[in-house]
Amino acid sequence: MATADVIVVGGGVSGLGLAWKAAQAGRKVVVLEREARVGGCLHSARRPDGYWFEMGAHTAYNSYGALLDIAVGTGMAGKVKERGPARGHFGLLRNGEYRWLTPPRILLQLNWLEAAVHFPLNFLRKKDGETVGSYYSKLLGHRNYERLFSPFFAAVPSQKADGFPVEGAGSLFKKRPRRPEFVRSFGFEGGLQSVCDAAAAAPGVAVEKGVRVTKVARAGAGFVVTAADGRSFDAPIAAVAATVDQAPSLLRDDFPALASAIARVRTVAVESVGVVLPREKCWMPECAFLVPIDDVFHSCVTRDPFPDPRFRGFAFHFKPGLSRDERLARVSQVLRVPAAELADVVEQRVVLPSPVLGHAELVAEIDRALAGQKLAVTGNYFAGLAIEDCVLRSNAEWARLGG
Ligand SMILES: Cc1cc2nc3c(=O)[nH]c(=O)nc-3n(C[C@H](O)[C@H](O)[C@H](O)COP(=O)(O)OP(=O)(O)OC[C@H]3O[C@@H](n4cnc5c(N)ncnc54)[C@H](O)[C@@H]3O)c2cc1C
C-alpha cells in the first residue's frame, strides 16, 4: 500500500488546486487521475508541431485571483497570453445564415420595443429565487431572451443555462475583484491546461495517471483509496475531486449521506469535436466563437483570440445523443470542408453539473455531511462551473482540513 499525507482523486483544476495548496503547506500529496493527462476540462489539444487549441475551457480572467495564485506560485504567470482582438467577434448562426457580431452589434439584434416595455419595470428586480431564464425574460422580454440571450448563455457552460440560478451557488457570473497587474482575459502559452501541468509538477505533488479510483473508504483515523487496477493508497487526509457523476460511487459505501446528496446534483454530457485546419481552408471570419440557434451543438469555440500564421482550431460542443458520424457531418457542413478532409480530429466527452434553483441548499447538505471529517470534496458542482469557483472551493476545503 502506497502512503502519502494527502491523496487526491481527480487531476482536474479542482484536484490539482487542492494538491498545490497542500504541497505548499509542506504535505506530500499523491493525485490519482484516471486519464493519461491531467487537466480534466482544461484540455489543451496539442500537436507535435507545437500548435494547440482548447477542447474545454478557453478563457481565464484577471478576476480569477485563486487561479492566478497558482500561476504565480508555479512560475506560469510569465506564460500568461492575452486574448487578441478576435475575442470581441462572434458568429450567430440562424436558419443557415451567419451574422458576424461585436458586442454593440449583438444589442442591435434586440427587439428594442420589447426590451423597452420590460426593462423599466424589472431592472430593480431582485435576483433571489430567479433562474437565468426567468430573470432575463422579465428584464428583456421573453422573445428577446429566447431568440438571443438563451443561446448565448448556453454557449458559456455548453448546455442550456435557462434553469441555472441567476445568483449564488451554481450561478454563471460572479463579481470578483480584478488583479490589474494581469491582462483582463487570457490563456497560457501551450493552453490553459499548462497551469494544471505546472501544478502537477510542483515539488511535493506526485501524479499517477491512468489510475481509476473505485472507492474511498475510512481506515482507522484516515482513508484508504482503492483503484480499479487493485492498488490501494492510504493517507490521513483524502480529497475527492472526481467529476460529479463519479464521486457518488466512490463514496457510497462509507459515506452514504454524502454520496446521496452529491448524486442529486443534475448532470449533462457534452460531446466535443475539435479540428485543426490550415488557414487557407477556412472560410469563417476570425471570431472567438460561433453560437447557433436551435442546432445540435451549443457553440463552436475557436483559437482565433490566439492567432497562428498557419492554422486555425475549432472545438464544437455538441448536445448529447448524436452518433460520431452525425457530429462530424455537422462540423464538416459548418466549416465547409468535406468530412474526409477533417484531419487531426480530437474527441472528448465530459459530464458537467447542471445546477438548478435550490443548488445552494444541496451544497449546504453536502457540507453538513462532510463536517468533522478529514475528507475534502471539491469540484465544479459547488459555487459554480468556472475555473475560479473550482479553485476557491479547493482552497476552502484545504483550509477546513489542513490549512
Ligand atoms: C467545453 C467547456 C468550456 C469551458 N469553458 C470555460 C471557460 O472558458 N472558463 C472557465 O472558467 N470555465 C470553463 N469551463 C468550466 C471549467 O473548465 C470546469 O468546470 C472545470 O475545469 C472543472 O474542473 P474540475 O477539476 O472540477 O473537474 P474536471 O476538470 O472534470 O476534472 C475531474 C477529473 O477527475 C478525473 N476522474 C473522474 N473520475 C475519476 C476516478 N474514478 N478516478 C480518478 N480520476 C477520476 C477526471 O478524469 C478529470 O480529470 C468549461 C467547461 C467545458 C466543458
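Everything below is about the structure shown above.
Worth saying up front: this structure is predicted, and the values here are computed from it rather than measured.

Undergrad: It is not clear to me how the site of the ligand should be interpreted in this structure. Could you clarify?
TA: Taken together, 36 residues are adjacent to the ligand, and Ser14, Glu33, Cys41, Tyr64 and Leu385 come closest. At 2.7 Å from an oxygen atom of the ligand is found a side-chain nitrogen or oxygen belonging to tyrosine 64. Between the ligand and the protein, one listed contact pairs an oxygen atom with a backbone N or O atom of isoleucine 387 at 2.9 Å. Relative to its unbound accessible area of 1000 Å², the ligand is 96% covered by the protein chains. Listed by contribution, the elements that provide at least two residues to the shell around the ligand are α1 (13-24), β3 (29-33), β20 (346-353) and α12 (387-401). Within the shell around the ligand, the residues separate by chemical class into 17 nonpolar, 15 polar and 4 charged. Here the shell around the ligand spans two domains, and each of domain 1 (2-80 + 180-266 + 355-401) and domain 2 (267-353) adds at least three residues to it.

Undergrad: So what exactly am I meant to see when it comes to the nonpolar core here?
TA: Generally speaking, nonpolar side chains in soluble globular proteins are found buried as a group. Counting residues in each nonpolar core, the largest one holds 43 residues, and the members touching the most others are Val6, Val8, Val13, Val29, Leu67, Phe188 and Ile387. For this core, the elements supplying multiple residues, two or more each, are β2 (6-9), α1, β3, α2 (65-73), β10 (185-188), α7 (193-200), β15 (237-240) and α12. At 7 residues, α1 tops the list of elements feeding residues into this core. Residue contacts for valine 8: discarding those within four places in its chain leaves Gly15, Leu18, Ala19, Val29, Val30, Val31, Leu32, Ala239 and Ala241.

Undergrad: Just to check I follow, could you spell out α7 for this structure?
TA: Three- or four-residue spacings in an α-helix give side chains the same orientation, since the helix completes a turn every 3.6 residues. Burial analysis of α7 places 7 of its 8 residues in the buried class, the great majority of the element. What α7 keeps buried is the set Gln193, Ser194, Val195, Cys196, Ala198, Ala199 and Ala200.

Undergrad: Sorry, what's going on with the environment of tyrosine 64 here?
TA: Looking at where tyrosine 64 falls in the secondary structure, it is placed in the loop between β6 (60-61) and α2. Distance in space between the C-alpha atoms of tyrosine 64 and serine 185 is 9.6 Å, their sequence separation being 121 residues. With residues near it in sequence (within four places) discarded, tyrosine 64 still touches Thr59, Ala386, Ile387 and Glu388.

Undergrad: In this structure, what is going on with the pattern of salt bridges? I would like to understand it.
TA: Within the structure shown, the criterion is met by 27 salt bridges. Arginine 179 serves as the salt-bridge partner of aspartate 69, at 2.9 Å between the closest nitrogen and oxygen. Taken together, the residues span a long stretch of sequence, with aspartate 69 in helix α2 and arginine 179 in the loop between α6 (142-155) and β10 at a distance of 110 residues. You can call aspartate 69 partly exposed: its relative accessible area is 38%. With a shortest N-O distance of 3.1 Å, glutamate 341 and lysine 281 are connected by a salt bridge. Of this pair, glutamate 341 sits in the loop between α10 (324-335) and β20 while lysine 281 sits in the loop between β16 (267-278) and β17 (289-292); the two residues are 60 residues apart in sequence, bridging distant segments of the chain. Taken together, the shared-partner salt bridges in this structure form one network comprising Arg47, Asp49, Asp308, Arg310 and Asp344.

About the thresholds
- Residues numbered from 1 in each chain as written.
- Predicted model: local features only at pLDDT ≥ 70, side-chain atom pairs only at ≥ 80, totals over all residues.
- Heavy atoms only, no water.
- Near = heavy atom within 4 Å.
- Polar contact = N/O pair within 3.5 Å; in protein donor to acceptor, adjacent residues only side chain to side chain.
- Areas by Shrake-Rupley, 256 points an atom, 1.4 Å probe, with all protein chains shown as cover.
- Helix = DSSP H or I, 4+ residues; strand = E, 2+ residues; numbered from the N terminus.
- Nonpolar A, V, L, I, M, F, W, Y, C, P; charged D, E, K, R; others polar.
- Domains from an automatic or database assignment.
- Core = buried A, V, L, I, M, F, W, Y, C linked by side-chain atoms within 4.5 Å.
- Buried < 20%, exposed > 50% of the residue type's maximum accessible area, 1.4 Å probe, protein only.
- Contact = heavy atoms within 4.5 Å.
- Salt bridge = Lys/Arg side-chain N within 4 Å of Asp/Glu carboxyl O.

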